[in-house]
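# Per-entry structural report
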Amino acid sequence: QVQLVESGGGSVLAGGSLRLSCAASGTIFHINAMGWYRQAPGNQRELVADISRGGVTNYADSVKGRFTISRDNAKDTMYLQMNSLKPEDTAVYYCNADVRPTPEPRSYDYWGQGTQVIVSS
């Protein structure tokens, strides 16, 4: 079993910054792609950013230039630095990871429990 635990959410004023972390633990051989998703009330869950094991990144247009995704493979941890936050960034942010638990070429998709981000104007 694999657990993903997010931290770093909170309430900030517009223009402020937050840094989210996602720590993976459990039976892990290695982690393939990881990503951050968010879901605002009444909306579908959407991709914010993702990162390959080798560090190739991809961002939603709405966060380009403001958010930075990174990871530390040695610590099985991913980060999301969020700057210039806007009220429309308010959502529950979820961590996602594609994990290989053993050397066998089989991986599984895991989600964290989510962390709330509230940006007020």
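Keep in mind that what you see is a predicted model, and the values were worked out from it rather than measured.

Here the focus is the side chain of Asp89. Here Asp89 is to be found in the loop between strand 8 (77–82) and strand 9 (91–100). Look at Asp89 and you get buried, because its relative accessible area is 1%. Separated by 3.0 Å, the side chains of Asp89 and Arg38 make a polar contact. Of note is the side chain of Asp89, whose polar atom sits 2.7 Å from the side chain of Arg66. Residues within four places of Asp89 in sequence aside, it is in contact with Arg38, Arg66, Phe67, Ser84, Val117 and Val119.

Moving on, we get to the state of the cysteines. Applying the stated criterion across every chain yields a total of 1 disulfide. Here Cys22 engages in a disulfide with Cys95; their sulfurs sit 1.9 Å apart. With the S-S bond torsion at -65°, the cross-link from Cys22 to Cys95 turns out left-handed. With Cys22 in strand 3 (residues 18–26) and Cys95 in strand 9, the pair connects residues that are 73 residues apart, well separated along the chain. Judged by relative accessible area, Cys22 falls into the buried class, the value being 0%. Looking at Cys95, the relative accessible area reads 0%, which means it is buried.

Definitions and cut-offs
- Residues numbered from 1 in each chain as written.
- Predicted model: local features only at pLDDT ≥ 70, side-chain atom pairs only at ≥ 80, totals over all residues.
- Heavy atoms only, no water.
- Helix = DSSP H or I, 4+ residues; strand = E, 2+ residues; numbered from the N terminus.
- Buried < 20%, exposed > 50% of the residue type's maximum accessible area, 1.4 Å probe, protein only.
- Polar contact = N/O pair within 3.5 Å; in protein donor to acceptor, adjacent residues only side chain to side chain.
- Contact = heavy atoms within 4.5 Å.
- Disulfide = S-S within 2.5 Å.

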